[in-house]
Amino acid sequence: MNYFPDEVIEHIFEYVGSHRDRNALSLVCRSWYRIERCTREKVFIGNCYSITPERLIQRFPSLKSLTLKGKPHFADFSLVPHGWGGFVYPWIEALAKGKVGLEELRLKRMVVSDESLELLSRAFPNFKSLVLVSCEEFTTDGLAAIAANCKRLRELDLQENEVDDHKGQWLSCFPDSCTSLVSLNFACLKGEINTGVLERLVARSPNLKSLRLNRSVPLDALQRIVARAPQLVDLGVGSLVHDPAMETFAKLMTTMNKCKSITSLSGFLEVTPRCLTAMYPILPKLTSLNLSYAAGIPGSDLIKLIRHCKKLQRLWIMDSIGDKGLGVVANTCKELQELRVFPSDNIGQHAAVTEKGLVAISMGCPKLHSLLYFCHQMTNAALITVAKNCPNFIRFRLAILDATKPDPDTNQPLDEGFGAIVQSCRRLRRLSLSGQLTDKVFLYIGMYAEQLEMLSIAFAGESDKGMLYVLNGCKKLRKLEIRDCPFGNTALLTDVGKYETMRSLWMSSCEVTVGACKVLAMKMPRLNVEIFNENEPADCEPDDVQKVEKMYLYRTLAGKRKDAPEYVWTL
Amino acid sequence: MDESSRNDDMKLELRLAPPGAEQQQQHWGLINGIRTTTKRDESSVLSLGYFPHATITTKGSPSSTTTSSSQAAALPLHNNADKKVFSPSSANTAVPNTSQKRTAPGPVVGWPPIRSFRKNLANSSSSSKPPPPPPEHHNKDYGGGGGKGMFVKINMDGVPIGRKVDLNAYDSYENLSNAVDQLFRGLLAAQRDSSGGGVNKLQEEEKVITGLLDGSGEYTLVYEDNEGDRMLVGDVPWHMFVSTVKRLRVLKSSELSAFTQLLVLFSVGGKQEKDAT
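Criteria and thresholds
- Residues numbered from 1 in each chain as written.
- Chains lettered and ligands numbered in written order.
- Predicted model: local features only at pLDDT ≥ 70, side-chain atom pairs only at ≥ 80, totals over all residues.
- Heavy atoms only, no water.
- Helix = DSSP H or I, 4+ residues; strand = E, 2+ residues; numbered from the N terminus.
- Rg over C-alpha atoms; globule rule 2.2 N^0.38 Å.
- Contact = heavy atoms within 4.5 Å.
- Lys, Arg positive; Asp, Glu negative; His and termini not counted.
- Charge placed at Lys NZ, Arg CZ, Asp CG, Glu CD.
- Domains from an automatic or database assignment.
- Buried area = accessible area lost by both parts, 1.4 Å probe.
- Core = buried A, V, L, I, M, F, W, Y, C linked by side-chain atoms within 4.5 Å.
- Buried < 20%, exposed > 50% of the residue type's maximum accessible area, 1.4 Å probe, protein only.
- Phe/Tyr/Trp six-rings, centres within 6.5 Å; stacked < 30°, edge-to-face > 60°.
- Lys NZ or Arg CZ within 6 Å of the ring centre and 35° of its normal.
- Pairing = 2+ DSSP bridges.
- Axes fitted to C-alpha atoms, helices over the stretch in contact; angles between N-to-C directions.
- Nonpolar A, V, L, I, M, F, W, Y, C, P; charged D, E, K, R; others polar.
- Parallel < 35°, antiparallel > 145°, perpendicular 65-115°, else oblique.
- Left-handed = near helix turned anticlockwise from the far one by under 90°.
- Right-handed = clockwise from strand over helix to strand, strands pointing away.

## Side note on the overall build of chain A
Point 1. Across its full length, chain A carries 20 helices and 23 strands.
Point 2. The C-alpha radius of gyration computed for chain A amounts to 25 Å, which stays within 12% of the reference 25 Å derived for 571 residues, consistent with globular compactness.
Point 3. The dimensions of chain A, computed from C-alpha atoms along their principal axes, are 70 × 60 × 60 Å.
Point 4. Long-range pairs, those at least 24 residues apart, make up 71% of the contacts in chain A between residues at least 6 apart in sequence.
Point 5. Distance from the positive charge centre (72 side chains) to the negative charge centre (64 side chains) of chain A: 8 Å.

Here you go:
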């Protein structure tokens, strides 16, 4: 390759998109490193504290698209106290200072202030796409700034953020000249919006392909809006509540009938089951359906709906569909690749989904590769069957509502079942365990899960051996998160070098002591070892023998961070 | 060493069909024995209510169970030796079904692992009965432990940057209202002076913000409580307000829905009646 001029190599590199491939290219030789870094436009940073923004900008002068992740995953489940970190402002500030031609910013679990959004909206004239997932701190005022100032905005995608809503004026901030929108998702906003303004915005956005409304958009407005955008591919319905004026309902159905392109449907934050029939015209073409926000739809209505969805590839649904409903899914959705079944709040009703539903799915849907399944119980036999039927799992996440429940048929732990999964699914990259589990399951994981990158463990295992099996065996492990397991100092300290090959390790309510964490921090200067000290006053140093309530460690080239709150000790 | 490596080989033989394996039954005692002798802090675990079967024992379990952790399981693969995997166990574990009665599981933080966003959706959706929020409900305004200050966010219409107020510093709605006036008076005037960005602002001097509580002023003070409902500040007794408030807002009175405006008028009227008696 030395014989090719740089331009040729650059051109070849244009065809290489994925981050991993790009990373691999840059390691080949100096000149490839140089060419790669100068041409790289998209960068993914899985931990915003692993590197400084300045260093990033220095290495990639052509940076156009940045993805950043902040808080540890368990922050999703209230395990990380408020104020931990993940502030995006310093990044935006640095990018602005560095005169980066930023066009796209994707953030997950970060703290995004209105100030940062305002700076973002002013500093990058070519800015096109903002995606915020599980972020917090911003308000609709920040959104107003984005709407008003980003002249080339194509995508504004807000997923499951905590947003302070100052009402719908932000939508009015899109100037009349803004006609470039391709994707607009504000489903997570809680407040009212001005539907007239929204209608006009949609009317002047001929390229709009994806529109996800919040719950404040009523049925009649929905009908008018969709009527103006028959080219939509992805629709998120806000409210679908019974309208006494039946003609509006009939109008909606007619309008839906004209939408020949919709393949993805979601939302239904408020819904009257009867009203779902309005969606029937588009069901046969759907490849993606998300009904997981729609509490209160009876299983029978869900079943009626699913029967029409023969092309479904992705389904997110509530467990009210029941085992029987999953049987219907299995019979109908032969193309299914991803399934998520979420628990409804109706405790006390009969157990909604069990292992039977999962087995049915595995029999009917051979293309299934991603699963998130909340259920009341699971058996080894079922898992073994599932493993045999679906050897292609990439993501397998099982959450039994009673976290340490054994196999109810045999009263045994679920070691064998999960063992079968890892042995059969050679391409497994992500695994979440639950149910009663001994060290045995970790032995299996260490032995068979060669491609495993992320493992989530809760209330499992019996001794340090469990954790050691995993650390020794899973060569590609990147993220390990553990809560409430009897893993202690031996497990933590046996192979300290391992942690530099990983992005991060989370351990909470385990048996690890402060002293051991100090030892680890001392041995590995390129790790940040953070201990959360929520109950003691900040100036009181805990004893070495004291058990650590929460520990989060991650590899970093940025050194100890300066924005940690008082309760975080970086050792 | 040989014994354990042989055991390891046996462990390697994972089969996906009902087994004809010949493993011993006593190993189950091992597992359950391990459970009871584990180093874990049992009391804290049990207090979570999620380990209801921590004391299961089997008949005929060998007393060698206490060597537990170092043995980590010469565990059989398919130890349901002489019966089909699918049928309920009777031979193997000899655990009577009654021992499976569990204590009602108490709420464990973060389990089941559902994003708070999703949990909050369920709480505020009107199409299902919202369950009362559990006491450990994640409230980010209160931070990770303190109790010294009770800071809640407060935002005002027309002022982009929000503030925080410490509710512990006030003992009545009047004091709070005055504080809000002080807090935003200057900011509001500043916003009005700097016209720009297509938002309507009146040109005015810095003026006192009054009438926050009775609907008589240009602005009204409202709040969001722990069930996600929007309430008028002053609706409920002060101590109840303090214990349920999540965030405050200063809204333009004209923006209040007609219903809310009526509410304000009624509550003012109600107060007057009470004063009269």
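Structure shown, so let's carry the discussion forward.
## Remarks on the domain arrangement of chain A
Accessible area lost during the coming together of the parts is what is often quoted as the interface size.
Residues and elements named next belong to chain A.
Point 1. The domains assigned to chain A are domain 1 (41-180) and domain 2 (503-570).
Point 2. Each of domain 1 and domain 2 has a C-alpha centre, and the two are 28 Å apart.
Point 3. Between domain 1 and domain 2, the contact holds 19 residues from the first and 19 residues from the second.
Point 4. It is Tyr 49, Pro 81 and Trp 84 in domain 1 that bury the most area against domain 2; as a group they hold 37% of the surface buried on that side.

## Some details on the nonpolar core
Point 1. Counting 192 residues, the largest nonpolar core has A:Leu240, A:Phe396, A:Ile445 and A:Leu505 as the members making the most contacts within it.
Point 2. Counting contributing residues, this core receives three or more from each of domain 1 (41-180) and domain 2 (503-570) of chain A.
Point 3. Here A:Leu240 is in contact with A:Leu219, A:Leu222, A:Leu252, A:Phe268, A:Glu270, A:Val271, A:Thr272, A:Cys275, A:Leu276 and A:Met279, once residues within four sequence places are set aside.
Point 4. Ranked by size, the runner-up nonpolar core spans 25 residues in total, among them B:Val159, B:Tyr173, B:Leu212 and B:Tyr223.

## Describing the packing of aromatic side chains
Residue and element names in this part refer to chain A.
Point 1. Under the criterion given, the structure shown has 21 aromatic pairs over all chains.
Point 2. Between Phe 396 and Phe 418, the ring centres sit 6.4 Å apart and the planes meet at 85°, which makes this aromatic pair edge-to-face. Of this pair, Phe 396 sits in strand S16 (residues 395-400) while Phe 418 sits in helix H16 (residues 415-424), and the two are 22 residues apart along the sequence. In terms of burial, Phe 396 and Phe 418 fall into one category: buried.
Point 3. Three or more aromatic residues joined by ring pairs make a cluster, and in this case those are Tyr 49, Phe 74, Phe 77, Trp 84, Trp 506, Phe 532, Tyr 552, Tyr 554 and Tyr 567.
Point 4. Here the guanidinium or amino end of Arg 561 rests over the ring plane of Tyr 49, the centre of that ring lying 4.5 Å away.
Point 5. Here the guanidinium or amino end of Arg 561 rests over the ring plane of Trp 84, the centre of that ring lying 4.3 Å away.

## Comments concerning the sheet that holds strand S5 (residues 245-252) of chain B
Residue and element names in this part refer to chain B.
Point 1. One open sheet holds the five strands; their spatial order is S2-S1-S5-S3-S4, and the pairing between them is mixed. In this open sheet, the two strands that pair with only one neighbour each are strand S2 (159-166) and strand S4 (230-232). With direction set aside, neighbouring strand axes in the sheet form an average angle of 30°.
Point 2. Of the pairings in the sheet, the one linking strand S3 (residues 219-225) to S4 comprises three bridges and is antiparallel in character. Bridging from a neighbouring strand, Tyr 223 pairs with Met 231 of S4.

## Section: unusual backbone geometry
Across residues other than glycine, the phi torsion is negative in most instances, and most of the peptide bonds are trans.
Point 1. Residue B:Pro112 is reached from B:Trp111 by a cis peptide bond, and omega for that bond is -5°.
Point 2. Within the fold, B:Pro112 resides in the loop between helix H4 (68-71) and helix H5 (116-124).

## Concerning the packing of helix H2 (residues 19-26) of chain A against helix H3 (residues 30-39) of chain A
Residue and element names in this part refer to chain A.
Point 1. Their axes nearest at 7 Å, the elements H2 and H3 cross at an angle of 145°. Contacts between H2 and H3 pair Arg 22, Leu 25 and Ser 26 from the former with Trp 32, Tyr 33, Glu 36 and Thr 39 from the latter.
Point 2. Tallied by class, the residues present in the contact of H2 with H3 amount to three nonpolar, two polar and two charged.

## Thoughts on the packing of helix H10 (residues 219-227) of chain A against helix H11 (residues 246-257) of chain A
All names here are of chain A.
Point 1. In the contact formed by H10 and H11, the axes pass within 9 Å of each other and the chain directions differ by 25°. When the interaxial angle is binned, H10 and H11 end up roughly parallel. Considering the relative orientation of H10 and H11, their crossing is left-handed. Residue-level inspection shows Leu 219, Asp 220, Leu 222, Gln 223, Val 226 and Ala 227 of H10 in contact with H11, the latter providing Thr 248, Phe 249, Lys 251, Leu 252, Thr 255 and Met 256.
Point 2. When grouped by side-chain class, the residues that make up the contact of H10 with H11 number seven nonpolar, three polar and two charged.

## Observations regarding the environment of B:Leu187
All names here are of chain B.
Point 1. Of note, Leu 187 is situated in helix H6 (residues 173-193).
Point 2. Sequence separation of Leu 187 and Ile 209 is 22 residues, and the distance between their C-alpha atoms is 11 Å.
Point 3. Residues contacting Leu 187, with those up to four places away along its chain left out, are Val 159 and Arg 163.

## Some thoughts on the pairing of strand S3 (residues 104-108) of chain A
All names here are of chain A.
Point 1. Note: strand S2 (residues 65-69) against S3, five bridges, orientation parallel. Each residue of the ladder has a partner; that of Lys 69, found in S3, is Lys 108.
Point 2. Following the backbone out of S2, through helix H5 (residues 89-97) and into the adjacent parallel S3, one traces a crossover that is right-handed.
Point 3. As defined by bridge partners, S3 adjoins strand S4 (residues 129-133) across five bridges and the pair is classed as parallel. When the sheet's bridge partners are listed, Glu 104 is paired in S4 with Ser 129.
Point 4. Tracing the backbone out of S3, into helix H6 (residues 114-123) and back to the parallel element S4 gives a crossover that is right-handed.

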